Amino acid sequence: MLEIKNIYKSFGNLEVLKDISLSIGTKEIVAIVGPSGAGKTTLLQIASTLEKPDSGNILFNGTELIGMKDKKLSAFRNKNIGFVFQFHQLLPEFSAKENVALPAMIGGMSKKKAMDKASELLTRLGLSDRMDHKPSAMSGGERQRTAIARALINDPAIIFADEPTGSLDSVNREEIQNIFTELRDKFNQTIVMVTHDSTLAGIADRIIEMADGKVSLRPQAPVPPEGEEMESLAIVDPLDSGGDGSEYLIRDSIKEIRESVD
Ligand SMILES: Nc1ncnc2c1ncn2[C@@H]1O[C@H](COP(=O)(O)OP(=O)(O)O)[C@@H](O)[C@H]1O
Ligand SMILES: [Mg+2]
């Protein structure tokens, strides 16, 4: 479904990604692991089209994403990609349900339909009694589950998650593991995640080790065949001031978001 080909990326003199190639199939969970500074977040951001590589290409079901115009790329991202970051970065002035519904409204769904779908998703994730709360009135685990619901609202082809359990305690970490496992096993969701959490990495179908801007050469299982077309998109602009990409999402979409809610 997603082909990442010969990606190079430098920041100034620092070569962060050095010829990375990777194929992501449908219905699999891929974990990217490796030491801090290895380039994992940068790879995730490039794979998810938040950041552009210096060279290389990314193909989604055969369509080249590199070189796509920004507007088209934003629409593509909204429709096909869901994001979950380490910190929730839900918009503080909106309720959980509104936060979840926003990417659907940006994608053109009516407010009523989007809010209904957001309710369904939040209920599925055990938040039926929390959905009218603002993020500040929710626990860390509840906020992260809300961020996952937001990632799912547009039925994305792929969810990218950067340290999704990085700021959670063990009970909440386990809950995220169970949610991801269920998303794959019951809903055929493809998930690509960066994690230091070895238990979370343990649910992955494939573990990709990165070090110093390269993928290590451990043998990998064959990639499953390509699946159906993916129709939807989710912008989840999770959280994190730590340069995990949420700032781009927020910057790009906050105006649209506000307009669609008014
Ligand atoms: N926007 C940026 N500008 C300059 N350097 C960056 C930027 N983003 C990441 N880096 C540097 O690139 C390297 C890899 O970072 P990152 O992809 O975040 O690694 P990881 O997620 O594996 O810890 C680090 O040395 C980091 O400081
Ligand atoms: Mg990182």
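Look up: the structure comes first, before these words.
As a starting point, this report considers the structure included with it. Just so it is clear, the structure is predicted and the values come from calculations on it, not from any experiment. (Residues numbered from 1 in each chain as written. Chains lettered and ligands numbered in written order. Predicted model: local features only at pLDDT ≥ 70, side-chain atom pairs only at ≥ 80, totals over all residues.)

**Considering the overall build of the protein chain**
Broken down by element type, the protein chain carries eight helices and ten strands. Relative to its 262 residues, the protein chain shows a buried fraction of 48%. Across the protein chain, every contact between residues at least 6 apart in sequence was considered, and the portion connecting residues at least 24 apart equals 75%. (Helix = DSSP H or I, 4+ residues; strand = E, 2+ residues; numbered from the N terminus. Buried ≥ 20, exposed ≤ 12 C-beta atoms within 10 Å, placed from the backbone. Contact = placed C-beta atoms within 7 Å.)

**Remarks on the packing of helix α5 (residues 140–152) against helix α6 (residues 170–187)**
Interaxial distance between α5 and α6 falls to 10 Å at its minimum, and their mutual angle equals 20°. Taken as axis vectors, α5 and α6 run roughly parallel relative to one another. The two elements α5 and α6 cross, and the hand of that crossing is right-handed. On α6, the residues touching Gly140, Gly141, Gln144 and Ile148 of α5 are Asn172, Glu175, Ile176 and Ile179. Among the residues forming the contact of α5 with α6, the class breakdown is three nonpolar, four polar and one charged. (Axes fitted to C-alpha atoms, helices over the stretch in contact; angles between N-to-C directions. Parallel < 35°, antiparallel > 145°, perpendicular 65-115°, else oblique. Left-handed = near helix turned anticlockwise from the far one by under 90°. Nonpolar A, V, L, I, M, F, W, Y, C, P; charged D, E, K, R; others polar.)

**Looking at the environment of His133**
Structurally, His133 can be placed in the loop between α4 (111–124) and α5. Once the C-alpha coordinates of His133 and Glu98 are considered, the two residues, 35 residues apart in sequence, prove to be 9.7 Å apart. Excluding its chain neighbours within four sequence positions, the residues that come into contact with His133 are Ser95, Ala96 and Met138.

**Points about the site of ligand 1**
Among the twelve residues in the neighbourhood of ligand 1, the closest are listed as Phe11, Ala38, Lys40, Thr41 and Thr42. If you tally residues by element for the shell around ligand 1, the top one is helix α1 (residues 40–47), at three residues. Considered class by class, the residues forming the shell around ligand 1 number four nonpolar, seven polar and one charged. (Near = placed C-beta within 6 Å.)

**A few points about the nonpolar core**
Membership of the largest hydrophobic core comes to 67 residues, with the highest contact counts inside it found for Ile32, Ala47, Leu122, Ala149, Phe160 and Val192. The biggest single contributor to this core is helix α3 (residues 96–106), with seven residues. Leu122 has contacts with Ala96, Lys97, Val100, Leu127, Ser128, Met131, Thr146 and Ala149, leaving out every residue within four places of it along the chain. (Core = buried A, V, L, I, M, F, W, Y, C linked by C-beta atoms within 7 Å.)

**Things to note about the packing of α4 against α5**
Axes are the key here: two packed helices are described by the angle between their axes and the distance separating the axes. One way to put it is that α4 packs onto α5 with a least axis distance of 9 Å and a crossing angle of 135°. One way to sum up the angle between α4 and α5 is to call them oblique. The handedness of the crossing between α4 and α5 comes out as right-handed. Facing α4, whose interface residues are Ala118, Leu121 and Leu122, α5 presents Thr146, Ala149 and Leu152. Counted by class, the contact of α4 with α5 contains five nonpolar, one polar and no charged residues.

**Considerations on α5**
For α5, with 13 residues, the first-to-last C-alpha span of 19 Å sits near the 18 Å given by 1.5 Å per residue. Burial analysis of α5 places twelve of its 13 residues in the buried class, which makes it a mostly covered element. Of the residues making up α5, those classed as buried are Gly141, Glu142, Arg143, Gln144, Arg145, Thr146, Ala147, Ile148, Ala149, Arg150, Ala151 and Leu152. Among the structural elements, β6 (81–84), α3, α4, β7 (158–162) and α6 are those in contact with the buried residues of α5. (Expected span 1.5 Å × (residues − 1).)

**Overview of the sheet that holds strand β8 (residues 190–194)**
Overall, mixed pairing links the six strands, which are arranged β6-β7-β8-β3-β9-β10 in an open sheet. Of all strands in the sheet, those bounded by a partner on one side alone are β6 and β10 (214–215). Looking at chain direction, strand β3 (residues 29–33) and strand β9 (residues 206–211) are connected through four bridges and run parallel. Residue pairing for β9: Val30 is matched across the bridge by Arg206. Together, β6 and β7 form the strand contacts of α5, whose direction differs from that of β6 by roughly 170°. (Pairing = 2+ DSSP bridges.)

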